Amino acid sequence: MIVGDVGSGKTMVILASVVIAYPHKAMLMAPTSILAQQIYQEAKKHLPPHIKTALLTQSTTIGDYTKADFIIGTHALLYKDDLPQTPLVMVDEQ
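The sections below set out a description of the structure shown in this document. Worth saying up front: this structure is predicted, and the values here are computed from it rather than measured.

1. A closer look at the layout of surface pockets
Quantified by volume, the largest pocket comes out at close to 570 Å³. Surrounding the largest pocket, 23 residues form its lining, K10, T11, I14, I39 and D92 being those nearest its centre. Contributing elements (two or more residues each) for the lining of the largest pocket: helix 1 (10–21), helix 2 (33–46) and strand 5 (88–91). Classifying every residue of the lining of the largest pocket by side-chain character gives 11 nonpolar, seven polar and five charged.

2. Considering the side chain of T86
Structurally, T86 is set in the loop between strand 4 (70–73) and strand 5. Beyond its immediate stretch of four places on either side in the chain, T86 contacts K25, A26 and M27.

3. Observations concerning unusual backbone geometry
With an omega dihedral of 20°, the bond running from Y22 to P23 counts as a cis peptide bond. By the element assignment, P23 lies in the loop between helix 1 and strand 1 (26–29).

4. Things to note about the nonpolar core
Grouped together as the largest cluster of nonpolar side chains are 16 residues, with contacts concentrated most on V18, L28, A43, L47, F70, I72 and M90. Residue assignment for this core shows that the elements contributing at least two residues are helix 1, strand 1, helix 2 and strand 4. The element contributing the most residues to this core is helix 2, with four residues. Excluding residues that lie within four positions of it along the chain, V18 makes contacts with A26, L47, I51, F70, L88 and M90. Counting eight residues, the second largest nonpolar core, distinct from the first, contains M27, L56, Y65 and L77.

5. Overview of the packing of helix 1 against helix 2
Interhelical geometry of helix 1 versus helix 2 gives an angle of 55° and a closest axis separation of 11 Å. By the angle between their directions, the pair helix 1 and helix 2 is classed as oblique. Here helix 1 and helix 2 pass one another in a crossing that is right-handed. Residues T11, M12 and L15 of helix 1 pack against I39, E42, A43 and H46 of helix 2. A breakdown of the residues in the contact of helix 1 with helix 2 according to their chemical character gives four nonpolar, two polar and one charged.

Cut-offs applied
Residues numbered from 1 in each chain as written. Predicted model: local features only at pLDDT ≥ 70, side-chain atom pairs only at ≥ 80, totals over all residues. Heavy atoms only, no water. 1 Å grid on protein atoms, 1.4 Å probe; cavity = no way out; pocket = protein on both sides within 12 Å on 5 of 7 lines; lining within 4 Å. Points joined across faces, edges and corners; volume = space filled by probe spheres on them. Helix = DSSP H or I, 4+ residues; strand = E, 2+ residues; numbered from the N terminus. Nonpolar A, V, L, I, M, F, W, Y, C, P; charged D, E, K, R; others polar. Contact = heavy atoms within 4.5 Å. Core = buried A, V, L, I, M, F, W, Y, C linked by side-chain atoms within 4.5 Å. Buried < 20%, exposed > 50% of the residue type's maximum accessible area, 1.4 Å probe, protein only. Axes fitted to C-alpha atoms, helices over the stretch in contact; angles between N-to-C directions. Parallel < 35°, antiparallel > 145°, perpendicular 65-115°, else oblique. Left-handed = near helix turned anticlockwise from the far one by under 90°.

Spelled out as structure tokens, the structure:
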């Protein structure tokens, strides 16, 4: 469990975990679409380009989440029956 104030670097720990897990897949479930979108933007900015990232919310799908190395989503992830197996699953809760 990682606990910290806003701006303390929790997202960077998440992204470092994704890099460490690679070439295995990783998934993050965020509590809101806004937070999922923000983390997706940070992942696109900071992760190496060879790590494919996808965003999956109730209203938005960016990228092919079935082939992505890092899947970021909201609780909409719980309702998908075609998600790939991921050895690293992280949950960001408020």
